[in-house]
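# A closer look at the structure
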Amino acid sequence: MSDLIIIILSSLGALFILLAAVGVIRMPDLYLRISVTTKAATLGIGLLLISAAVYFNEIGITSRVLAIIVFILLTAPVGAHMIGRASYFSGVKLWSKSKEDDLKGKYHPKTHELASGINKTDEKNESKKSN
């Protein structure tokens, strides 16, 4: 029974890693490629690690596998966000068929600050109304 679980988990893990690799090749821009690798590859690696824990069936290896999975789940999205933000700030263009750029007009290129959705003039008008 455990052999069947190992085969299923490792096959699914390899499939998700394969889909991540195909996605990196097929996606039209950097931002979509980052999304594919963060989601699919993280899930694939997690499934492969779980299958290794089931195969060895030892507490020491299982605890290490769980620590690695937690570490990957915590660091992969943060790393992808940092790469995407640095790419946007350095001027990497979105895909030509992208419908909306949520950061357009909210980024100051000299100070690298992001503004919220409320403009400074809106804040002044609201403060005048409250006085």
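My aim in this report is to walk through the structure given alongside it, one point at a time. For clarity, every value in this text was computed on a predicted model and none was experimentally measured.

## Structural notes on the overall build of the chain
- Of regular secondary structure, the chain possesses 4 helices and 2 strands.
- Shown N-terminal to C-terminal, the secondary structure of the chain runs as helices and strands in the order α-α-α-β-β-α.
- The buried share of the chain, taken over its 131 residues, is 21%.
- When contacts within the chain are restricted to residue pairs at least 6 apart in sequence, those whose partners lie at least 24 apart make up 58%.
- Per element, the accessible surface of the chain, about 9,900 Å² overall, is 65% carbon and sulfur.

## Considerations on helix H2 (residues 30-56)
- Taking 1.5 Å of rise per residue, the 27 residues of H2 would be expected to cover 39 Å, and the 38 Å separating its terminal C-alpha atoms lies within 8% of that figure.
- Backbone geometry just after H2 places Asn-57 at a positive phi near 50 degrees.

## Some words on the packing of aromatic side chains
- Evaluation of the coordinates by the stated rule reveals 2 aromatic pairs.
- Relative to Phe-56, the ring of Tyr-55 has its centre 5.0 Å away and its plane inclined at 80 degrees; by these criteria the two rings are edge-to-face.

## Considerations on the side chain of Ser-51
- Mapped onto the fold, Ser-51 is located in helix H2.
- Ignoring anything within four residues of it in the chain, the contact list for Ser-51 reads Ile-6, Leu-9 and Ser-10.

Conventions and cut-offs
- Residues numbered from 1 in each chain as written.
- Predicted model: local features only at pLDDT ≥ 70, side-chain atom pairs only at ≥ 80, totals over all residues.
- Heavy atoms only, no water.
- Helix = DSSP H or I, 4+ residues; strand = E, 2+ residues; numbered from the N terminus.
- Buried < 20%, exposed > 50% of the residue type's maximum accessible area, 1.4 Å probe, protein only.
- Contact = heavy atoms within 4.5 Å.
- Areas by Shrake-Rupley, 256 points an atom, 1.4 Å probe, with all protein chains shown as cover.
- Expected span 1.5 Å × (residues − 1).
- Phe/Tyr/Trp six-rings, centres within 6.5 Å; stacked < 30°, edge-to-face > 60°.

These values are about where atoms sit, not about what they do.
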